[in-house]
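Descriptive structure summary
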Amino acid sequence: MGYLKIKCGRCRGTWEIYNRDDWHNGNAQTCPHCFSSIDKKTWQDALIAFSEMEDVNRQLIADHNGYPDAYPLFRIDYRADKGLY
Ligand SMILES: [Zn+2]
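Conventions adopted
- Residues numbered from 1 in each chain as written.
- Predicted model: local features only at pLDDT ≥ 70, side-chain atom pairs only at ≥ 80, totals over all residues.
- Pairing = 2+ DSSP bridges.
- Helix = DSSP H or I, 4+ residues; strand = E, 2+ residues; numbered from the N terminus.
- Expected span 1.5 Å × (residues − 1).
- Buried ≥ 20, exposed ≤ 12 C-beta atoms within 10 Å, placed from the backbone.

1. Observations concerning the pairing of strand E1 (residues 4-7)
As defined by bridge partners, E1 adjoins strand E2 (residues 14-17) across four bridges and the pair is classed as antiparallel. Looking across to E2, one finds that Leu4 is bridged to Ile17. Hairpin connection from E1 to E2: six residues lie between these consecutive antiparallel strands, with Arg12 at a positive phi of about 70 degrees.

What follows is the structure, encoded as structure tokens:
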């Protein structure tokens, strides 16, 4: 299971959200350093996108396990453009 690393543009702090955390209680979308919060709808979109990336990586593992000699194990990580801020 992957995780999310979030950078806050207000205080430049970062935090990470793991599988063990409650992603829906409001704390996950709130910067623990300055308490700025990601818009609720945008956060829901982020969780959907994350879930879909998790599914893709699970599918890559399944593809590899089906043809271990012919199909290498791939993993896709997403990183935001650091030029945004
Ligand atoms: Zn912050």
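2. Structural notes on helix H1 (residues 40-66)
Given 3.6 residues per helical turn, the α-helix brings residues three or four places apart onto the same face. Look at H1: 39 Å from first C-alpha to last across 27 residues, which is about the 39 Å you get at 1.5 Å a residue. Among the 27 residues that make up H1, zero are buried, leaving the element largely open to the surroundings.

3. A look at unusual backbone geometry
Positive phi, normally seen in glycine, also occurs at Arg12, with a value near 70 degrees. Take Arg12: it is sitting in the loop between E1 and E2. C-beta crowding within 10 Å serves as the criterion here: with 11 such atoms nearby, Arg12 is assigned to the exposed category.

4. Digging into the environment of Gly26
Mapped onto the secondary structure, Gly26 falls in the loop between E2 and H1. Take Gly26: there are 12 C-beta atoms within 10 Å of it, and that puts it in the exposed class.

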